Amino acid sequence: MSNGVKIKLSLLMVLIAAVFGIVACSEERVAVATVEEDVPLKVKFKIAEGPSYSQDIQPVFEQNCVSCHGEENAENGLKLDSYEHTMAGTRFGAVVIPGWPEASTLVYVLRRPASQEIAMPHQGKKLTPNRIKNIMYWIESGAPNN
Ligand code: HEC
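Only a predicted model underlies this, so the values are computations on that prediction, with no experimental measurement involved.

1. Things to note about the nonpolar core
Core analysis: the largest hydrophobic core is formed by 15 residues, its most contacted members being V96, I135, W138 and I139. For this core, the secondary-structure elements that each account for two or more residues are α3 (53–64), α5 (105–110) and α6 (129–140). If you tally residues by element for this core, the top one is α6, at four residues. Sequence-distant contacts of I135, that is, excluding residues within four places in its chain, are made with I57, V107 and L110.

Given below as structure tokens:
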């Protein structure tokens, strides 16, 4: 073998090694991407362990809603004085759809309703953003009686 051929051969070997290297690296990148897709599941899991109805939600209703949605006075038939009554909703139907806060009337009236007339609490201050978020997380985690 001449020196020229030897050099060409070893160049070829380097090239083959480089190609294998790139293939190996890109396979590694695929593996990393799969791990990244796992992250939202962990967030969901955190939400599932989220607010407690008795500790985080009912007290907010007692303070802001029960004066108009309680035993004495149940506007639209809605009582927010217990878990069972909250889930029973108004005489028109449920206001909490477990797992789906955006479609729940209760969240809609608390957030940004089209008209002030349906904003809750009526004639009162809007709930703070974290109180509203806690209610949304509670509904998203399935609205459990916890
Ligand atoms: C001052 C009285 C008052 C307070 C306080 C109040 N509401 Fe209401 N609520 C009403 C009245 C009256 C209605 C009947 C519909 C209407 O007039 O908008 C109503 C209706 C509702 C409805 C049903 C809406 C529909 O379209 O069926 C929901 C849900 C609701 N209230 C949630 C709440 C929540 C949650 C709170 C506390 C953060 C609250 N309300 C506090 C007076 C009140």
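2. Structural notes on the confidence of the model for the chain
Per-residue confidence for the chain gives a mean pLDDT of 80; residues scoring 70 or more make up 66%. For the chain, the element scoring lowest by mean pLDDT is helix α2 (residues 39–48), at 53; helix α4 (residues 83–88) scores highest, at 98. Low pLDDT, under 50, characterises residues 32–38; the predicted model gives this stretch zero contacts beyond four residues in sequence or across chains.

3. Side note on unusual backbone geometry
In terms of backbone geometry, most residues other than glycine have negative phi values and most peptide bonds are trans. Cis geometry marks the peptide bond from M120 to P121; its omega dihedral reads -5°. Take P121: it is sitting in the loop between α5 and α6. Its identity is not glycine, yet N76 carries a phi of approximately 60°, on the positive side. Secondary-structure assignment places N76 in the loop between α3 and α4. Classification of N76 by C-beta neighbours within 10 Å gives partly exposed; the count is 13. Of note, the phi angle at Q123 is positive, near 55°, even though the residue is not glycine. Structurally, Q123 is set in the loop between α5 and α6. With 7 C-beta atoms packed within 10 Å, Q123 lands in the exposed category.

The rules behind each value
- Residues numbered from 1 in each chain as written.
- Predicted model: local features only at pLDDT ≥ 70, side-chain atom pairs only at ≥ 80, totals over all residues.
- Core = buried A, V, L, I, M, F, W, Y, C linked by C-beta atoms within 7 Å.
- Buried ≥ 20, exposed ≤ 12 C-beta atoms within 10 Å, placed from the backbone.
- Helix = DSSP H or I, 4+ residues; strand = E, 2+ residues; numbered from the N terminus.
- Contact = placed C-beta atoms within 7 Å.
- pLDDT = per-residue confidence, 0-100.

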